[in-house]
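Spelled out, the chains give:
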Amino acid sequence: MKDVFIQACRGIKPQYTPVWFMRQAGRYMPQYQKIRQKYDFLTMCKTPEIAAEVTMQPVKVLNVDAAILFSDILIPLEAMGLKIEFIDEKGPVVSPAIRTIDNLKKLKNIELNAVDFVFKAIKILIKELDVPLIGFSASPFTLATYVIEGSSSKDFFHTKKFMFSDSSGFHQLLSSLTESTIVYLNGQIKAGVNAVQIFDTWAGILSPYDYEIFCKPYVKRILESLKQTVPVIYFSSNTSGLAKHINDSGADVVSLDWRIDMKDACHLFEYKPLQGNLDPLALLGQEMEIFKRVEKILNAGKSAKAHIFNLGHGVNINTQVDTLKKVVDFVHAFKSVED
Ligand code: CP3
């Protein structure tokens, strides 16, 4: 198996910079669309053969150095007793929305049998892939925002109302999501994933003070419970002001959005392996402008303990497959270590 990605996660500088993209399997790809026309998104996630096939599409087409399991951060919620739907043009819907302590009893501990399709997909993939497979979950806080809002949100009103008005109930919700996430991630590790990524997409809506209270302890608890079996990447967005706390979380790799200069990140994140951080929409620009930015990030990444090239968030649906291919080739041709 190609192991440049795992080497970088472990802080060893590989011969070339590994690259993969968040949301690398998805609607920007004609191969994905072809399958998606026949099945809805949830059916694709729940059918191990389809999930495995779609996971492999970008590995074959783009030549990336890691695969990420085709699934969603909300998938484990069904196995915790909630209903999830993905509605075209609207996005995910979770019901019932849990906004009070009374509703909290509807959330159960995860029933692993109910997500067996995830473990089956992983088992297929580790036989087929020649690159490492990344499993994932959301952070408890980010998952809580969906459980409380019941859908994507702009201002996270209900989340913050719950959090500030009943902090002990909110902590109960976070504890429950944390324990299920630990069981779920350990299930993925047992099934064979080579690394895991924790998506903390919405951590950046919190002040540093509240991040320390409502987010960090639960991320830390997950990291401690995984007992360093596989490298853990911590992705968050809009969190440059939280660097000190993110360092404390104990993740092996810090994944950055584009709002921070990679050079500054090398200092802020205490020379940890870093992942990122091109603005996904920069890929819609002219080639010369794209490569200028990719090269700047790669050069700055040389100062990190190790660097994994990625975007600062998921691939946008309007991205050209060919552009991503060229970025992969460019990253691979770049000299990450001096002779
Ligand atoms: O990265 C990958 O290729 C692996 C698969 C993956 C998906 N979602 C597939 C998906 C991963 C790792 C995720 C994570 C995820 N899901 C996050 C965290 C990362 C981030 O983007 O911030 C979040 C917040 C979600 C929740 C979610 N799922 C939303 C808000 C949406 C709707 C928006 C959209 O793009 O449609 C989804 C649906 C979703 N998840 C799709 C895919 C490929 C689109 C499904 C379709 O084909 O209709």
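Model, not experiment: these values are computed from the prediction.

Rules used in this analysis
Residues numbered from 1 in each chain as written. Predicted model: local features only at pLDDT ≥ 70, side-chain atom pairs only at ≥ 80, totals over all residues. Heavy atoms only, no water. Helix = DSSP H or I, 4+ residues; strand = E, 2+ residues; numbered from the N terminus. Rg over C-alpha atoms; globule rule 2.2 N^0.38 Å. Buried < 20%, exposed > 50% of the residue type's maximum accessible area, 1.4 Å probe, protein only. Areas by Shrake-Rupley, 256 points an atom, 1.4 Å probe, with all protein chains shown as cover. Lys, Arg positive; Asp, Glu negative; His and termini not counted. Charge placed at Lys NZ, Arg CZ, Asp CG, Glu CD. 1 Å grid on protein atoms, 1.4 Å probe; cavity = no way out; pocket = protein on both sides within 12 Å on 5 of 7 lines; lining within 4 Å. Points joined across faces, edges and corners; volume = space filled by probe spheres on them. Nonpolar A, V, L, I, M, F, W, Y, C, P; charged D, E, K, R; others polar. Near = heavy atom within 4 Å. Sits in = over half its atoms within 2 Å of the grid points. Salt bridge = Lys/Arg side-chain N within 4 Å of Asp/Glu carboxyl O. Arc of directions from axis to C-beta. Contact = heavy atoms within 4.5 Å. Pairing = 2+ DSSP bridges. Axes fitted to C-alpha atoms, helices over the stretch in contact; angles between N-to-C directions. Disulfide = S-S within 2.5 Å.

K.L.:
Even after reading the chapter, I still don't get the overall build of the protein chain, so can you show me in this structure?
P.N.:
When helices and strands are counted, the protein chain shows 15 helices and nine strands. At 19 Å, the protein chain has a C-alpha radius of gyration in line with the 20 Å of a compact globule built from 339 residues. Considering only C-alpha atoms, the protein chain reaches an extent of 60 × 45 × 35 Å along its principal axes. Counting across all 339 residues of the protein chain, residues that qualify as buried make up 58%. Total accessible area computed for the protein chain in this model is approximately 14,500 Å², and 51% of it derives from carbon and sulfur atoms. The positive charge centre, built from 39 side chains, and the negative charge centre, built from 37, are 2 Å apart in the protein chain.

K.L.:
Would you explain empty space enclosed by the protein in this entry?
P.N.:
In this approach a probe as big as a water molecule rolls over the atoms, and the regions it shows empty are the leftover space. Across all of its chains, the model carries two cavities of 30 Å³ or more by this definition. Reported here for the second largest cavity is a volume of approximately 50 Å³. For the lining of the second largest cavity, a count of residues per class yields three nonpolar, four polar and one charged.

K.L.:
Just checking my understanding: could you explain the site of the ligand for this structure?
P.N.:
Not every one of the 22 residues close to the ligand is listed here, only the nearest: Arg23, Arg27, Tyr32, Asp72 and His313. Out of a free accessible area of 880 Å², the ligand has 88% covered by protein chains. Using a 2 Å cut-off from the grid points, one finds that the ligand occupies the largest pocket. Residues that form the shell around the ligand fall into these classes: 13 nonpolar, five polar and four charged.

K.L.:
Would you mind showing me how to read the pattern of salt bridges here?
P.N.:
Close approach of charged atoms allows side chains with opposite charge to pair. Evaluated as defined, the whole model comprises 13 salt bridges. A salt bridge links Arg259 to Asp257, with the shortest nitrogen-to-oxygen separation between them at 2.5 Å. For Arg259, a relative accessible area of 42% corresponds to the partly exposed category.

K.L.:
So what exactly am I meant to see when it comes to helix 8 (residues 157-165) here?
P.N.:
Because an α-helix completes one turn every 3.6 residues, residues spaced three or four positions apart along the sequence face the same direction. Regarding helix 8, the residues found buried are Thr159, Phe162 and Met163. Down the axis of helix 8, the buried side of the element spans an arc of 95°, and every buried residue falls inside it. In helix 8, those exposed residues whose orientation departs by more than 90 degrees from the buried face are Lys161, Phe164 and Ser165.

K.L.:
How should the side chain of Glu149 be read in this particular structure?
P.N.:
With respect to the helices and strands, the residue Glu149 is situated in helix 7 (residues 140-149). Despite its burial, Glu149 pairs with no opposite charge, the nearest such side chain being Arg99 at 5.0 Å. Discounting chain neighbours no more than four positions away, the residues touching Glu149 are Ala97, Arg99, Phe156, Phe157, His158 and Thr159.

K.L.:
Help me understand the side chain of Ser71 in this model?
P.N.:
Turning to its location among the elements, Ser71 is positioned in the loop between strand 1 (67-68) and helix 5 (75-78). For Ser71, a relative accessible area of 11% puts it in the buried group.

K.L.:
For this particular structure, what's the right way to read the sheet that holds strand 4 (residues 133-138)?
P.N.:
The pairing of strands in a sheet happens through backbone hydrogen bonds and is either parallel or antiparallel. An order of 1-4-5-6-7-8-9 is seen for the seven strands of this open sheet, with the pairing classed as parallel. Both outer strands of the open sheet, strand 1 and strand 9 (307-311), are each paired with one neighbouring strand and no more. One ladder, built from five bridges, connects strand 8 (residues 274-278) with strand 9; its direction is parallel. Its bridge partner being in strand 9, Asn277 is matched across the sheet by Asn310. The strands that helix 9 (residues 167-191) touches are strand 4 and strand 5 (195-200); relative to strand 4, the one it contacts most, it runs at about 170°.

K.L.:
Just checking my understanding: could you explain the layout of surface pockets for this structure?
P.N.:
The space that makes up the largest pocket amounts to roughly 1,400 Å³. Taken together, 39 residues form the lining of the largest pocket, with Arg23, Arg27, Asp72, Pro92 and Val315 sitting closest to its centre. Looking at the lining of the largest pocket residue by residue, the class counts come to 21 nonpolar, eleven polar and seven charged. In this structure, the second largest pocket spans a volume of roughly 190 Å³. What lines the second largest pocket is Trp258, Ile260, Asp261, Met262, Asn277, Leu278, Asp279, Ala282, Arg293, Lys296, Ile297 and Ala300.

K.L.:
Hey, could you run me through the packing of helix 8 against helix 9 in this one?
P.N.:
To characterise two packed helices, one gives the angle between the axes of the helices and the distance between these axes. Between helix 8 and helix 9, the shortest axis-to-axis distance is 5 Å and the interhelical angle comes to 115°. Across the interface between the two elements, Thr159, Phe162, Met163 and Ser165 of helix 8 pack against Ser167, Gly169, Phe170 and Leu173 of helix 9.

K.L.:
Explain the state of the cysteines to me, please; I cannot follow it from the model alone.
P.N.:
Tallying each qualifying case throughout the model produces zero disulfides. The thiol of Cys9 is unpaired, and the distance to the nearest cysteine sulfur, on Cys266, comes to 16 Å.

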